[in-house]
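Report on the structure
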Amino acid sequence: MRKSKKFRSSLVKQIKEDEKERLHQEELKEKYDIKDNTVVVEKSNTIKFVTKTIIGLLRFLAALIVFLLAITGLAAILYPDSRNILLHQALQVYEELLELL
């Protein structure tokens, strides 16, 4: 009985993997406009890898900056002393930017 159950679960797993691969092939055929019954293999190259890595890094940095700004804003709202310091610092930065331009 145990062998039969184990065999069934591996068979179901294989069928699910085959279905997933079939759907992936259909998506690739639509993407590359292929009509006949061929298997499409999409290879990763260095340019794609570097591009995806840089995009992921930029997204992470943007999320980190937004998070830090949110924490700073929350601190400015909760604590009046820090609000005054942040406003003073923001005015200083603004004046320095005007001097540079």
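Predicted model, so just to flag it, every value in this text is computed and none were measured.

Moving on: unusual backbone geometry. Located in the positive-phi region is Asp33, a residue other than glycine, with phi close to 55°. With respect to the element layout, Asp33 can be found in the loop between helix 1 (2–31) and helix 2 (46–78).

This paragraph deals with a nonpolar patch on the surface. A cluster of nonpolar side chains, Phe49, Val50, Ile54, Leu57, Leu58, Phe60, Leu61, Leu64, Phe67, Leu68 and Ile71, forms an exposed patch at the surface whose accessible area comes to about 1,100 Å². Positionally, Ile71 belongs in helix 2.

Moving on, we come to the pattern of salt bridges. Evaluated as defined, the whole model comprises three salt bridges. Two residues, Glu19 and Arg22, come together in a salt bridge whose shortest N-O distance is 2.4 Å. Separated by three residues within a single helix, Glu19 and Arg22 lie in helix 1, roughly one turn from each other. Across the salt bridge formed by Lys35 and Asp33, the nearest N and O atoms sit 2.9 Å from each other. Assessed through its relative accessible area of 56%, Asp33 is described here as exposed. Connected via shared salt-bridge partners are Glu19, Arg22 and Glu26.

This part takes up the environment of Glu30. Of note, Glu30 is situated in helix 1. Taking the C-alpha atoms as reference points, Glu30 and Ala63, 33 residues apart in sequence, are found 33 Å from one another.

Let us look at the packing of helix 2 against helix 3 (residues 80–100). Helix 3 packs onto helix 2 with a crossing angle of 120° between their chain directions and a minimal axis gap of 5 Å. Considering their axes alone, helix 2 and helix 3 lie oblique with respect to each other. Residues Thr72, Ala75, Ala76, Ile77 and Leu78 of helix 2 lie in contact with helix 3, whose contacting residues are Pro80, Ser82, Arg83 and Leu86. Residue classes in the contact of helix 2 with helix 3 are distributed as six nonpolar, two polar and one charged.

The rules behind these values
Residues numbered from 1 in each chain as written. Predicted model: local features only at pLDDT ≥ 70, side-chain atom pairs only at ≥ 80, totals over all residues. Heavy atoms only, no water. Helix = DSSP H or I, 4+ residues; strand = E, 2+ residues; numbered from the N terminus. Patch = residues over 30% accessible without salt bridge, like charges linked within 9 Å, V, L, I, M, F, W, Y side chains within 5 Å. Areas by Shrake-Rupley, 256 points an atom, 1.4 Å probe, with all protein chains shown as cover. Salt bridge = Lys/Arg side-chain N within 4 Å of Asp/Glu carboxyl O. Buried < 20%, exposed > 50% of the residue type's maximum accessible area, 1.4 Å probe, protein only. Axes fitted to C-alpha atoms, helices over the stretch in contact; angles between N-to-C directions. Parallel < 35°, antiparallel > 145°, perpendicular 65-115°, else oblique. Contact = heavy atoms within 4.5 Å. Nonpolar A, V, L, I, M, F, W, Y, C, P; charged D, E, K, R; others polar.

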